[in-house]
Amino acid sequence: MDFWLDVTVVALMVSTSWIIAIRYISSGIKWLSFQSLMLSLLTGVLAVETGRTDLFVIAVLTLLVKAIAIPYILYRTLRAVGVDRQAEKTFGRDRLIIAVLAMWAIGYYVTPDFGLGYGHNVYLSVAIGMLLSGVLIMITHKKALMQGIGLIVIENSLFLAALSTSFGMPFLVDIGIFLDVLVIVVLISALSFRMDELLSSMSIEKLRRLKG
Amino acid sequence: MSRIAHVVINLMTVVFSSFLICLGWIGLYHPSLLFEHPIFNMFIPVPFLVIQLTVAPISGVFLIVLGILGILSALYGIGYGVIYCSRQYGVWLDLGVLAFVATMALVFLAGNAFTFLLGWETMSFMSYLLVVYESERPGVAMAGVIYLAMTQLGTVFLVLAFYLLHQYTGSYDFAVFAHDAAALSPVLQTVVFVFTLIGFSLKAGMMPLHIWLPRAHPAAPSHVSALMSGIMLKTALYGLLLVNFYWLHPEAWRGALLIVLGASSAVLGAFHATQELDVKRILAYSSIENMGLLFMGAGISLLALALHQVTLAGIAFCATLYQAINHAAFKSLLFHGAGSIIHGTHERSLNRLGGLVRRMPYTTFAMAIGLLSVSAIPPFNGFMSEWLLFSVTARIIHANLHNMLGLLPVFAMFSLLFSGAFVALMSARIFGIGFQGEGRSSGAKQAHEAPITMRIALLLGALVPLLLGLFPVLITQALRLALPPTESYAVRQIWYSQNAISMSILPFLLLAILGGGGFVVWLAVRIWAGKERRQIAPTWTCGGSRLANMSYSATGFSQPVRRTFSVFKIPVAGGYMYHPTWDVVLNTARRFRRIQNGSVRSYLLYLFITVIVLLIVVR
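Source: prediction; values computed, not measured. (Residues numbered from 1 in each chain as written. Chains lettered and ligands numbered in written order. Predicted model: local features only at pLDDT ≥ 70, side-chain atom pairs only at ≥ 80, totals over all residues. Heavy atoms only, no water.)

### Examining the overall build of chain A
Each helix and strand counted, chain A has seven helices and zero strands in total. Reading chain A from its N terminus to its C terminus gives the helix and strand order α-α-α-α-α-α-α. A compact globule built from 212 residues would reach a C-alpha radius of gyration of about 17 Å, and chain A, at 17 Å, matches this within 12%. Principal-axis analysis of the C-alpha atoms gives chain A an extent of 55 × 35 × 35 Å. By the burial criterion, 49% of the 212 residues in chain A qualify as buried. Considering only contacts in chain A between residues 6 or more positions apart, those separated by 24 or more positions represent 74%. For chain A, the accessible area works out to roughly 10200 Å², and carbon and sulfur atoms hold 69% of it. Side-chain charges in chain A split into 17 positive and 14 negative, and the spacing between the mean points of these groups amounts to 14 Å. (Helix = DSSP H or I, 4+ residues; strand = E, 2+ residues; numbered from the N terminus. Rg over C-alpha atoms; globule rule 2.2 N^0.38 Å. Buried < 20%, exposed > 50% of the residue type's maximum accessible area, 1.4 Å probe, protein only. Contact = heavy atoms within 4.5 Å. Areas by Shrake-Rupley, 256 points an atom, 1.4 Å probe, with all protein chains shown as cover. Lys, Arg positive; Asp, Glu negative; His and termini not counted. Charge placed at Lys NZ, Arg CZ, Asp CG, Glu CD.)

As structure tokens, then:
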């Protein structure tokens, strides 16, 4: 079973790294969907391993909400404003890839070795690396939708961190987080659409004028 | 009702001040512990909280001065405070003055650090409240804030100094400080000296820590200004003398520092006094000048003491105290006079005054005496103390010609000369522009003389400088009691003539010479030139109508000095260090504002960096 855990974690890392470097927003959404799918797989594997039913439920919820509903909402918004939108980035691909590698390194470096004989908690390292990469996505991308995607990546990373340290959060908390994320994505979609209508652009750099 | 309360409270202040004079008189001859009582001891056993009141000869001198000024100001306040009676809380001004006098007495009576700091803080706070009493006038509130901020800054340093002394002597009593502090390590003594110097300089308004003074003094009601300038500034001198002559071991460099600080403050303060227009602001700058002279005198005495010239040190100490008393006498008189001018004309600027000599004869007389005293014209008191300071400085220079440090008093001499010249100009300017000529505003044209109690206070106040100037030998004899134990002199040594009797007739002699000399000159002119022929005709004004503003103005009067000294780039109305400091603060803030650029992504970036740094740090 550990084999499947490793495979899904590697898939998470690859998808996260790739989201930063994508050229079109639509491919970003596809990779986000893939990432969430892998997360739900990972939860499922853990559920089988530990035999806990609540993890099953959460795996199914992750699949439904994060891998299907959220990408669908984002994709609809994107279609409304034009599918072939490019993701504007502040830096080039190569530099971003290097930055993401640095994030993984930092994630590994800062994760504590609890000294319990299990060695390093690699899943936590990946979670922290994903968290930092998610923030990096929000920093380097200019489009509002990509901010939403970055936020979901951060959410996924926190989910992974909870899984890796204590087999997930309490059930009710997880349900609440799912609802929150769903609402946030709906809001981001609606506001991005509105921004595109008003400013004919989704670039959040146009929001500078809102400064007091 | 409020009128009766107003008079009663002021009379209470008079009684209380008389009591202070008696207390000071007792203290001058019999130093004694008056009162000692721990407070809050039942609930919190804190050894620090002990009220201890003592009188010593040196505090006795200051207490007598405080008492005399308190009587004069309270008498003056009876007449002056009437205009405030109609205000809401009119009586609070009188209560405030009473409390102010009481808190200052607490400072002089303090026998330990707690009592001293308690008195110091309540004194600062009471004076702040009195400064902002007329807060509806523009600029008063700001003056109060600056004053409060500066004085609190000074208190911080004083608390630190007392704390250090306590740490190493194990007591808060001044008597223990006097016994043990001189044996502390030199580094510690230096730290205590620097801290107390900063704290007391802030209170004394030494340049460049003076910025609160020219704002706060004009803002307060005039009799409060008189108290603040006359005696509150002297609390700083009292503290300085206490620390440097009674507690710490004398060091030459400290005296040199005090000389340089005081001398530069005296010259610059006097220079500014010639440039300002507001009468009370001029007097405030003159106070800075006089506090500079006092600090300089203390420095000269300390230098001589460090060089083991005990007699000269004692004489310089005596001259400093004498000058302090004199300054209190004539500066309170001048502030009372200025208050009377404001009361009668509702004008403050010299350029809007004029012609008061005819409309306010009593005020004019009092102001004339005060101005003659401040510019050190014999036989008034300013001459005696400044001359004493001058002669002792010359003797110290003479005794230390082989020593580089001993030459520092030369600097003091230059400062005395320059500040004397500036102050003479200032006095001429106030009297010439403010009192002579023609009224330059409707207020000055319709000026009315002050009410009777104010006139009494003015005339009594005018008597004090004269008495202080006519009997210098008696004063120096009394001041000998207040010398620190390490210094001593015989009264006959104090004067250059080495003869006390010839000294006591000197003021009268000078008076006779001045009066008689004037008469001789008049007689000679009369004989040689004959009787004056006078033709009275209207002033020729190029055919236009004559206006009061055509006459010489105060701004024009000070123009030559301003021109001459513009070479030295003395900032006339700005700070030396406050403006640059403020600019640095503003520029830094502007630079930091670039962080706040409105881009969501920048904010995320700050968060991101913070998180990474924190993660790495706490790992």
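### Description of the overall build of chain B
On a plain count of helices and strands, chain B comes out with 25 helices and two strands. Relative to a compact globule of 619 residues, whose C-alpha radius of gyration would be 25 Å, chain B shows 26 Å and is just as compact. Along the three orthogonal principal directions, the C-alpha set of chain B runs to about 100 × 70 × 60 Å. Burial status across chain B gives 55% buried among its 619 residues. A sequence separation of at least 24 residues applies to 81% of the contacts in chain B between residues at least 6 apart. Counting only carbon and sulfur atoms, one obtains 71% of the accessible surface of chain B, whose full area is about 26500 Å². Seen as two clouds, the 35 positive and the 18 negative side-chain charges of chain B have centres 11 Å apart.

### Considerations on the nonpolar core
Ranked by size, the top nonpolar core spans 187 residues in total, and within it Trp212(B), Met228(B) and Trp247(B) carry the most contacts. Looking at this core element by element, the count peaks at 19 residues for helix 13 (residues 310-345) of chain B. When sequence neighbours within four positions are dropped, the list of residues in contact with Trp247(B) reads Phe162(B), Leu165(B), Phe174(B), Phe177(B), Ala178(B), Ala181(B), Ala182(B) and Leu242(B). Ranked by size, the runner-up nonpolar core spans 58 residues in total, among them Val100(A), Val153(A), Val181(A) and Ile612(B). (Core = buried A, V, L, I, M, F, W, Y, C linked by side-chain atoms within 4.5 Å.)

### Considering helix 23 (residues 554-565) of chain B
Given 3.6 residues per turn, any residue in an α-helix points the same way as the ones three and four places further on. Residue and element names in this part refer to chain B. A rise of 1.5 Å per residue sets the reference length of helix 23, with its twelve residues, at 16 Å; its end C-alpha atoms lie 17 Å apart and thus fit the reference within 8%. Taken together, the buried positions of helix 23 are occupied by Ala554, Ser558, Val561 and Phe565. Taken around the axis of helix 23, the buried residues stretch over an arc of 55°, which confines them to a single face. Where helix 23 is buried, its residues meet helix 11 (252-275) and helix 17 (408-435). (Expected span 1.5 Å × (residues − 1). Arc of directions from axis to C-beta.)

### A look at the domain arrangement of chain B
By domain assignment, chain B separates into domain 1 (250-527 + 552-570) and domain 2 (572-618). Computed from C-alpha coordinates alone, the two centres of domain 1 of chain B and domain 2 of chain B are separated by 50 Å. (Domains from an automatic or database assignment.)

### Here we look at the packing of helix 2 (residues 57-80) of chain B against helix 19 (residues 452-470) of chain B
Residues and elements named next belong to chain B. Relative orientation of the contacting elements helix 2 and helix 19 amounts to 155°, with a least axis distance of 7 Å. Taken as axis vectors, helix 2 and helix 19 run roughly antiparallel relative to one another. Crossing of helix 2 over helix 19 shows left-handed handedness. Of the residues in helix 19, those touching helix 2 at Leu72, Leu75, Tyr76, Ile78, Gly79 and Tyr80 are Thr453, Met454, Ile456, Ala457, Leu458, Leu460 and Gly461. Counted by class, the contact of helix 2 with helix 19 contains ten nonpolar, three polar and no charged residues. (Axes fitted to C-alpha atoms, helices over the stretch in contact; angles between N-to-C directions. Parallel < 35°, antiparallel > 145°, perpendicular 65-115°, else oblique. Left-handed = near helix turned anticlockwise from the far one by under 90°. Nonpolar A, V, L, I, M, F, W, Y, C, P; charged D, E, K, R; others polar.)

### Focus on the environment of Leu145(A)
All names here are of chain A. Take Leu145: it is sitting in helix 6 (residues 144-166). When the C-alpha atoms of Leu145 and Leu78 are compared, they prove to be 8.1 Å apart, with 67 residues separating the residues in sequence. Contact partners of Leu145, with chain neighbours within four places excluded, come to Ile25, Leu74, Leu78, Ser192 and Met202.

### Thoughts on the environment of Ile137(A)
Residues and elements named next belong to chain A. With respect to the helices and strands, Ile137 occurs in helix 5 (residues 122-140). Separated by 31 residues in sequence, Ile137 and Gly168 have C-alpha atoms that sit 25 Å apart. In contact with Ile137, not counting residues within four places along its chain, are Ile19, Ile20, Met146, Gly150 and Val153.

### Considerations on the interface of chain A and chain B
Each partner contributes to the interface: chain A provides 20 residues, whereas chain B provides 14 residues. Here chain A packs against chain B, burying approximately 1500 Å² in sum over the two surfaces, 71% of which is carbon and sulfur. Along the contact surface separating chain A from chain B lie zero salt bridges. Between chain A and chain B we count two residue pairs in polar contact (both at pLDDT 80 or more) in total. For the side of chain A that touches chain B, the elements supplying multiple residues, two or more each, are helix 4 (93-110) and helix 5 of chain A. (Buried area = accessible area lost by both parts, 1.4 Å probe. Salt bridge = Lys/Arg side-chain N within 4 Å of Asp/Glu carboxyl O. Polar contact = N/O pair within 3.5 Å; in protein donor to acceptor, adjacent residues only side chain to side chain.)

### Some thoughts on the environment of His402(B)
Residue and element names in this part refer to chain B. Structurally, His402 is set in the loop between helix 16 (381-399) and helix 17. You can call His402 exposed: its relative accessible area is 69%. As a C-alpha pair, His402 and Ser340 span 62 residues in sequence and 52 Å in three-dimensional space.

### Quick look at the pattern of salt bridges
Where charged atoms from two side chains of opposite charge approach closely, those side chains can pair. A complete count under the given rule lists six salt bridges over all chains for this structure. Here Arg194(A) and Glu197(A) are joined by a salt bridge, their closest N and O atoms 3.4 Å apart. With Arg194(A) and Glu197(A) both in helix 7 (residues 171-199) and three residues apart, this pair spans about one turn of that helix. Across the salt bridge formed by Glu347(B) and Arg352(B), the nearest N and O atoms sit 2.9 Å from each other.

### Examining the confidence of the model for chain A
A residue-level look at chain A finds 93% of positions with pLDDT of 70 or above and a mean pLDDT of 84. Element-level pLDDT for chain A is lowest in helix 7 of chain A, with a mean of 85, against a maximum mean of 90 in helix 2 (residues 25-50) of chain A. (pLDDT = per-residue confidence, 0-100.)

### Some points on the packing of aromatic side chains
For the coordinates displayed, the defined rule picks out 33 aromatic pairs over all chains. With a centroid separation of 5.0 Å and an interplanar angle of 75°, the aromatic rings of Phe245(B) and Phe317(B) are classed as edge-to-face. Of this pair, Phe245(B) sits in helix 10 (residues 222-247) while Phe317(B) is found in helix 13, placing the two residues 72 residues apart along the sequence. Taking relative accessible area as the criterion, Phe317(B) reaches 1% and is therefore assigned buried. Ring pairing ties together the aromatic residues Phe116(B), Trp120(B), Phe162(B), Phe174(B), Phe177(B), Phe200(B) and Trp247(B), which thus form one cluster. A cation sits over an aromatic face here: Lys66(A) above Phe159(A), 4.8 Å from the ring centre. (Phe/Tyr/Trp six-rings, centres within 6.5 Å; stacked < 30°, edge-to-face > 60°. Lys NZ or Arg CZ within 6 Å of the ring centre and 35° of its normal.)

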